[in-house]
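# Coordinate inspection notes
Here are the chains, one letter per residue:
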Amino acid sequence: MKTLLTSFLVCLCFLVSGQDKIYKKDQSVIDCIITEVGLTEIKYYLSPEEVRNSPVISIAVDQVQKVVLGSGREIVFNDPLKDEKLYAEDKKRAIKIHFLSPLLEHLAFSYEKNLKPGRSIEH
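Heads up: these notes are all about the structure in this document. Per chain, residues are indexed from 1 in the order of the written sequence. Local features are withheld for residues below a pLDDT of 70 in this predicted model, meaning they are given only at 70 or higher, and side-chain atom pairs are given and counted only at 80 or more; totals for whole chains, interfaces and linings count all residues. As a rule here, side-chain values cover all heavy atoms of the structure and leave hydrogens and water aside.

## Focus: the side chain of serine 110
Secondary structure elements are defined from DSSP: runs of H or I of at least 4 residues count as helices, runs of E of at least 2 residues count as strands, and each element is numbered from the N terminus. Following the sequence through the fold, serine 110 ends up in strand S8 (residues 109-116). Using a relative accessible area of 6% as the deciding quantity, one classes serine 110 as buried. Under the rule applied, a polar contact is a pair of N or O atoms within 3.5 Å (in protein, one hydrogen donor and one hydrogen acceptor; residues adjacent in sequence only if both atoms are side-chain atoms). Within polar-contact distance, the side chain of serine 110 engages the side chain of glutamate 122 at 3.0 Å. Two residues form a contact once any of their heavy atoms are found within 4.5 Å. For serine 110, the contacting residues outside a window of four places in its chain are Ala94, Ile95, Lys96, His98, Glu122 and His123. Only protein chains enter the accessibility calculation, which uses a 1.4 Å probe. A residue is then buried if its area is under 20% of the maximum for its type, exposed if over 50%, and partly exposed in between.

The following block contains the structure:
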């Protein structure tokens, strides 16, 4: 009786295990089992049966909007050029001296104002 109960619980654990989801930027969703999330790519299997019988599939992080793990945890991938949190401590204004202007016997200054990440105006 204990063996039957134990085997039933083991089978139930495999059925209840959470399914991971990869949400791509083109609005498609991949149901899978994620094995690794790296800086440049995510490695996954499509189903539990393929874990033993197939190679690992990978997708570039640039193509992924977010990943939802089976536990409910969500990992969001942002474009580094558009993420304002990365640039919060950067200076917004700068006065610049042109690099070779003293050697070429003229002095040139410019003023630069940062509008948002990746965009600035120079006067």
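## Details of unusual backbone geometry
Although it is not a glycine, glutamine 27 adopts a positive phi angle of roughly 70 degrees. Checked against the element boundaries, glutamine 27 lands in the loop between strand S1 (20-24) and strand S2 (29-37). We note that glutamate 105 has phi near 65 degrees; this positive angle belongs to a residue other than glycine. Structurally, glutamate 105 is set in the loop between strand S7 (93-97) and S8.

## So, the nonpolar core
Definition of nonpolar core: a set of buried residues of the types Ala, Val, Leu, Ile, Met, Phe, Trp, Tyr and Cys, connected through side-chain atoms within 4.5 Å. Counting residues in hydrophobic clusters, the biggest one holds 11 residues: Ile22, Ile30, Cys32, Ile34, Ile42, Tyr44, Ile59, Val61, Val64, Val67 and Phe77. Counting residues per element, the ones that place at least two in this core are S2, strand S3 (41-45) and strand S5 (64-68). Sorting elements by how many residues they give to this core places S2 first, with three residues. Among all residues touching cysteine 32, those that are not within four sequence positions of it are Gln19, Asp20, Ile22, Tyr44, Tyr45 and Leu46.

## Quick word on the layout of surface pockets
Space inside and on the surface of the protein is sampled on a 1 Å grid over the protein atoms alone, with a cavity defined as a set of points where a 1.4 Å probe fits but cannot get out and a pocket as an open set with protein on both sides within 12 Å along at least 5 of 7 lines; lining residues have an atom within 4 Å of a point. Grid points are joined across faces, edges and corners, and a volume is the space filled by probe spheres set on the points. In this structure, the second largest pocket encloses a volume near 170 Å³. Around the second largest pocket sit Lys25, Val61, Asp62, Val64, Phe77, Asn78, Asp79, Pro80, Asp83 and Leu86, which together line it. Charged residues are taken to be Asp, Glu, Lys and Arg, nonpolar residues to be Ala, Val, Leu, Ile, Met, Phe, Trp, Tyr, Cys and Pro, and polar residues to be all remaining types, Gly included. For the lining of the second largest pocket, the per-class residue count stands at five nonpolar, one polar and four charged.

## A closer look at the packing of aromatic side chains
Stacked, edge-to-face and tilted are the three classes for Phe, Tyr and Trp ring pairs, Trp counted by its six-membered ring, which pair at centre distances within 6.5 Å; planes under 30 degrees apart are stacked, over 60 edge-to-face, the rest tilted. Applying the stated criterion across every chain yields a total of zero aromatic pairs. Its guanidinium or amino end placed over the ring of tyrosine 23, lysine 66 lies 4.9 Å from that ring's centre, counting from NZ or CZ. Lysine NZ or arginine CZ positioned within 6 Å of the ring centre and within 35 degrees of the ring normal marks a charge as sitting over the ring.

Any link to function would need more than the numbers given here.
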